[in-house]
Amino acid sequence: PLPCRCRHGSRKTILSTCRAVVGIVAGGGRLDKPVLKAGNNHHKYKVKRNCWPRVRGSAMNPVEHPHGGGNHQHVGHPTTMSRDAVPGQKVGLIAARRTG
């Protein structure tokens, strides 16, 4: 048996046949702090990937998205889409079993 002193001061004996990683995970509690600003999210996603900001399809032009265009920001047609639709047409509720 191997003696091991824990972070809170207690001592435990661990069998030498056991395998374990002892310690705490790095970066724990990182999501507890609020973001507060859009700029913080901008810098966060700038180093990761281009997935921010997320723009709604109804806010786009009709050449950019099937939900775009119109005199008001509305979809204008049913959003359910079949499974075998072509790419670029598959937006909204894809192969929806139920809606609402």
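## Observations regarding the state of the cysteines
- Applying the stated criterion across every chain yields a total of zero disulfides.
- For cysteine 6, which is in no disulfide, the shortest distance to another cysteine sulfur is to cysteine 4 and amounts to 5.1 Å.
- Not part of a disulfide, cysteine 18 finds its nearest cysteine sulfur in cysteine 4, a span of 11 Å.

## Some remarks on the pairing of strand 2 (residues 11-14)
- Pairing geometry for strand 1 (residues 2-5) and strand 2, over four bridges, is antiparallel. The residue bridging arginine 5 from the neighbouring strand is arginine 11, located in strand 2.
- Connecting strand 1 to the antiparallel partner strand 2 that follows it, the hairpin turn spans five residues, and glycine 9 within it adopts a positive phi of roughly 100 degrees.

## Some thoughts on the packing of aromatic side chains
- Within this structure, the stated rule accounts for one aromatic pair.
- Pairing tyrosine 45 with tryptophan 52 gives two aromatic rings, centres 6.5 Å apart and planes at 10 degrees, and the pair type is stacked.

## Remarks on the confidence of the model for the chain
- Per-residue confidence for the chain gives a mean pLDDT of 93; residues scoring 70 or more make up 100%.
- Mean pLDDT across the elements of the chain bottoms out in strand 1 (86) and peaks in helix 1 (residues 38-46) (97).

## Examining unusual backbone geometry
- Here the residue pair tryptophan 52 and proline 53 is connected by a cis peptide bond, since its omega of -5 degrees sits within 30 degrees of zero.
- Summarising the element assignment, proline 53 is placed in the loop between helix 1 and strand 3 (80-81).
- Even without being a glycine, leucine 36 presents a positive backbone phi close to 75 degrees.
- Along the chain, leucine 36 falls in the loop between strand 2 and helix 1.
- A positive phi angle, near 50 degrees, is found at alanine 95, a position not held by glycine.
- A relative accessible area of 31% means that alanine 95 is categorised as partly exposed.

Rules used in this analysis
- Residues numbered from 1 in each chain as written.
- Predicted model: local features only at pLDDT ≥ 70, side-chain atom pairs only at ≥ 80, totals over all residues.
- Heavy atoms only, no water.
- Disulfide = S-S within 2.5 Å.
- Pairing = 2+ DSSP bridges.
- Helix = DSSP H or I, 4+ residues; strand = E, 2+ residues; numbered from the N terminus.
- Phe/Tyr/Trp six-rings, centres within 6.5 Å; stacked < 30°, edge-to-face > 60°.
- pLDDT = per-residue confidence, 0-100.
- Buried < 20%, exposed > 50% of the residue type's maximum accessible area, 1.4 Å probe, protein only.

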